[in-house]
Amino acid sequence: MLPTKEFLKKIKPFDLLSDDELDEIAHKADVEAFEEGELIFSGNPKKLYVVFSGNVGLYSNGELVEEFERGDIFGLGVYENAKAVANSDVVCLAIRHDIIKRIGATNRNFKLFFDKIVEKDLRGLVSLIEGERVEDVLMKKIGDFVTKKPVFCDPYTTIRDAVIKMEMNGVGSIVVVKSDMTPVGIFTNRDVRKFVIHGESKEEKVSAYMSSPVLSLEFDRPLFEAYQIFASKRVNHIVVTRFGKLYGVVSVRDVMSEFEPYTSISILYRRLSKATSLEEIRAIHERIVETVKVLSKRGVGFYELSFLISSFHDLLTERVVELTKKSFGASSLPNFVWVHMGSSSRKEQILATDQDNMIIYEGEAGEIREFARKVNDSLEFVGIPKCTGGYMAMNWCFSIEEWKRKFEDWMTKLTPENIRFLTVFLDLRAISGDVKLLEELREFIKSKVNAQVLRYLANDASTLEPPKIGGIRGVSEFDIKKFGIYPIVNGTRVLALEKGILEITNTRERILKLMELGALQERFAKGILEGYEILQNFRLRNQVEGKGNLIKLEEVSRVNQFVLKDVLRVVRDYVKFLKGKFFVERGL
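Treat the numbers as computed from the prediction; the structure is a model and nothing was measured.

(A) Summary view of the overall build of the chain. A count of helical and extended segments in the chain gives 22 helices and 20 strands. For the chain, the spread of C-alpha atoms along the three principal axes comes to 95 × 85 × 35 Å. In the chain, which comprises 588 residues, the share counted as buried stands at 50%. Partitioning the intrachain contacts of the chain with sequence separation of at least 6 by distance along the chain shows that 70% fall at a separation of at least 24. Counting only carbon and sulfur atoms, one obtains 50% of the accessible surface of the chain, whose full area is about 28,400 Å².

(B) Main features of the sheet that holds strand β6 (residues 73–74). Sheet architecture is open: 4 strands sit in the order β1-β8-β3-β6, paired in antiparallel fashion. Each end of this open sheet is capped by a strand with a single partner; those strands are β1 (30–34) and β6. Sheet topology note: the strand β3 (residues 47–53)/β6 ladder contains 2 bridges and is antiparallel. What sits directly across from Tyr-49, in β6, is Phe-74. Packing against the sheet, helix α3 (residues 97–104) makes contact with β3 and β8 (90–96), and its axis sits at approximately 55 degrees to β8.

(C) Here's a closer look at the packing of aromatic side chains. Applying the stated criterion across every chain, the model contains 29 aromatic pairs. Residues Phe-41 and Tyr-49 carry aromatic rings whose centres are separated by 6.0 Å and whose planes lie at 20 degrees to one another, so their mutual orientation is stacked. With relative accessibility at 5%, the residue Tyr-49 sits in the buried group. Pairing Phe-68 with Phe-74 gives two aromatic rings, centres 4.9 Å apart and planes at 20 degrees, and the pair type is stacked. With a relative accessible area of 4%, Phe-68 lands in the buried category. One aromatic cluster is present, formed by Tyr-391, Trp-396, Phe-398, Trp-403, Phe-407, Trp-410, Phe-421 and Phe-425 through successive ring pairs. Over the ring of Phe-582 we find Lys-581; its NZ or CZ atom is 5.7 Å from the centre of that ring.

(D) Representation of the state of the cysteines within the structure. All chains considered together, the criterion is met by 0 disulfides. For Cys-397, which is in no disulfide, the shortest distance to another cysteine sulfur is to Cys-387 and amounts to 16 Å.

(E) The pattern of salt bridges, seen in detail. The tally for this structure, following the rule as stated, stands at 34 salt bridges. Lys-325 is the salt-bridge partner of Glu-322, the closest N and O atoms lying 4.0 Å from each other. Of the two residues, Glu-322 and Lys-325 both sit in helix α12 (residues 302–325), 3 residues apart, roughly one turn of that helix. Classification of Glu-322 as partly exposed rests on a relative accessible area of 29%. Here Lys-325 falls in the partly exposed class, since its relative accessible area comes to 33%. Three or more residues are tied together by salt bridges with common partners; here these are Glu-24, Lys-28, Arg-96, Asp-98 and Arg-102.

(F) Structural detail: a positive patch on the surface. Together, Arg-270, Arg-271, Lys-274 and Arg-287 line one region of the surface with positive charge. If you tally residues by element for the positive patch, the top one is helix α10 (residues 252–274), at 3 residues. Within the fold, Lys-274 resides in helix α10.

(G) Representation of unusual backbone geometry within the structure. The peptide bond linking Ser-212 to Pro-213 adopts the cis configuration, its omega dihedral lying at 0 degrees. Position of Pro-213 relative to the elements: it lies in the loop between α8 (189–198) and β12 (216–218). Phi is positive for Phe-243, which is not a glycine, with a value near 55 degrees. The topology assignment puts Phe-243 in the loop between β13 (237–242) and β14 (245–251). The phi torsion at Phe-583 lies on the positive side, around 55 degrees, for a residue other than glycine. Summarising the element assignment, Phe-583 is placed in the segment after α22 (558–581).

(H) Molecular detail of helix α7 (residues 159–169). Among all positions of α7, only Ile-159, Ala-162 and Met-166 are buried. Buried residues of α7, seen end-on, are gathered within an arc of 70 degrees and therefore sit on one face of the element. Turned more than 90 degrees away from the buried face of α7, the exposed residues are Glu-167 and Met-168. Those residues of α7 that are buried are in contact with β10 (173–177), β11 (183–188) and α8. Taken from the residues just after α7, Gly-170 is the one with a positive phi, measuring 65 degrees.

(I) Broad picture of the packing of helix α18 (residues 451–461) against helix α19 (residues 480–498). Contact geometry of α18 with α19 gives a least axis separation of 8 Å together with a crossing angle of 165 degrees. Judged on the interaxial angle alone, α19 and α18 are roughly antiparallel. With respect to the hand of their crossing, α18 and α19 are arranged in left-handed fashion. Packed against α18, whose contacting residues are Leu-454, Leu-457, Ala-458, Asp-460 and Ala-461, the element α19 presents Tyr-486, Pro-487, Asn-490, Gly-491, Val-494, Leu-497 and Glu-498 at the interface.

(J) Molecular detail of the side chain of Arg-442. Along the polypeptide, Arg-442 turns up in helix α17 (residues 435–448). The side chain of Arg-442 is buried and forms no salt bridge, while Glu-503, the nearest opposite charge, is found at 5.1 Å. Engagement of the side chain of Arg-442 in a polar contact is seen with the backbone oxygen of Leu-428, the distance being 2.8 Å. The residues touching Arg-442, leaving out its near neighbours within four places in the chain, are Leu-428, Arg-429, Leu-502 and Glu-503.

Parameters at a glance
- Numbering of residues starts from 1 in every chain and runs along the sequence as written.
- With the structure being a predicted model, the display of local features is reserved for residues of pLDDT at least 70 and the display and counting of side-chain atom pairs for 80 or more, all residues being used for whole-chain, interface and lining totals.
- Derived side-chain values reflect all non-hydrogen atoms in the structure, with water molecules and hydrogen atoms excluded from consideration.
- Numbering of helices and strands runs from the N terminus, with a helix taken as a DSSP run of H or I at least four residues long and a strand as a DSSP run of E at least two residues long.
- With a 1.4 Å probe rolled over the protein chains alone, any residue whose accessible area is under 20% of its type maximum counts as buried; one over 50% counts as exposed, and the rest are partly exposed.
- The contact criterion used is simple: two residues touch if any of their non-hydrogen atoms lie within 4.5 Å.
- Areas reported as accessible are Shrake-Rupley estimates using a 1.4 Å probe. Residue values count occlusion only from the protein chains shown.
- When DSSP finds two or more bridges between two strands, those strands count as paired.
- Axis lines are fitted through C-alpha atoms, for helices just across the contact stretch, and the angle between N-to-C directions can take any value from 0 to 180 degrees.
- In this scheme Phe, Tyr and Trp rings, the latter by its six-membered ring, pair at centre separations within 6.5 Å, and the angle between planes marks the pair as stacked below 30 degrees, edge-to-face above 60, and tilted otherwise.
- The criterion for a charge sitting over a ring is simple: Lys NZ or Arg CZ within 6 Å of the ring centre, and within 35 degrees of the ring normal.
- Note on terminology: disulfide denotes any pair of cysteine sulfur atoms within 2.5 Å.
- Salt bridge criterion: a side-chain nitrogen from Lys or Arg within 4 Å of a carboxyl oxygen from Asp or Glu.
- Residues with no salt bridge and a relative accessible area higher than 30% make up the patches, which join like charges within 9 Å and nonpolar side chains (Val, Leu, Ile, Met, Phe, Trp, Tyr) within 5 Å.
- Neither His nor the chain termini are counted; the positive set is Lys and Arg, and the negative set is Asp and Glu.
- Charged groups are reduced to one reference atom each: NZ for lysine, CZ for arginine, CG for aspartic acid, CD for glutamic acid.
- As used here, the arc belongs to the directions running from the helix axis to the C-beta atoms.
- Oblique is the label for any angle not covered by the other classes, which are roughly parallel (under 35 degrees), roughly antiparallel (over 145) and roughly perpendicular (65 to 115).
- Crossing handedness: left-handed means the near helix sits turned counterclockwise from the far one by under a right angle, and right-handed means the same turn made clockwise.
- Definition of a polar contact: a pair of N or O atoms within 3.5 Å, with one able to donate and the other able to accept a hydrogen when the atoms are protein atoms, and with sequence-neighbouring residues admitted only if both atoms are side-chain atoms.

So yeah, pure geometry; function would need other evidence.
So this is what it looks like as structure tokens:
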């Protein structure tokens, strides 16, 4: 007999169930065995299957699209034109859908798990399983931040006795309560100072100097409400009550420490905008990196963090450029524009970001190349490493006419090296200087785009086939940037170039624009957007943990393996779409 309950409680989402709920499923689940090659179901299944042993293949139109192994779940949702077949001798636990629905009616998270699988809401599934999001932080109960028993006294306590009690308990406030423990005021260190200035005797009562009426919140109110009170009123303590009776006290420090990474962002940004030295910029950058790591660990996603990082990186670069210009004579530099490329241009930077920049100038060069070298050196000094590939202004500093000749050469002679240059230099965004120079170059690039250029770029974007996860043919690890993010970023760039969309550089914004123009069907585009965000979130988490771009599946939960498997299927569909649209498979 299979140890059904012990087996299931280690698997998502069955670990969300109570013992009674697990007992019900274990009692009502059927154990079904299938021989190699035997059909498990075709079309829409009536049961949910959990693989106990063996390997199951899901086939659509004769093609293997997914494999399931021990601990994997299948058989929920719509399987049009698909069938599940035992790839080896298989043993499954089979649970009728009506049992799943009945338990889901009383267990919200269990129901949500399956709802999100059916709806293909992969982002929601990850949030459900991996827990705390930013909004969860905001909605924590204020009572959860009461860490000490409250120190209290009655209104008739003397100032002397109240201060002694505060000192003995190591607190900065004492709550004044009535006999039924209803708070009527709070006596704080600030009130002690008032007494020192205006008081006559230590035998005076606290009721004469306490702050009243007291600011209080019920224990189940959201933390954000306390944050708003501290932000809008000049108070350092809030009394927490439970059904109107004293429960505890939270300080401004307790609450603000929870929000500190969010509030410090605006402070750091203001400091950076006013920075007058490289040393000051370097110190601010170090704080920014640490703050971003904290935000990432607290659940802030890739889109929000990359926008934040890019905003800081843009401002930091602008300040360094401006400070460096001051060390050159006014007539020694030509009219120019400092331009970001790559992920910097796309506003898709995460923690491991380096320099990707160039200069476009007009007229005589003067000292522009020496200026570029100094800016690159200064950026390295403040904490932005130099690009190992050399894609920096010190190496890529040319006049507008020289840049035009380069692009014309790259787009005429479609060698592997020139294709690589195009994938780097087609994402351009002005940071400092004369934007008109970049606009002129963009218009020139648009005029040189043709079907052959698009075809070669589409081939580059679709060369790497995303791997399969799980099953006999599945990989144990893969580079998430190379096999997941790269095809989406580069494929989207090709589609945008075809439509003349060069001003929009961000991948997400490009996809939305392509969807608006009808170049991508809405459902397909939304799937790509969701998949892209999930891949970038995985990469972000890896970088915070110092693991780079390599995803080792043995370190990834079953649920996240399921999510990655589905996302990589979307990437494969995107690659297939690009190959078909630009006739890549006919050869170059």
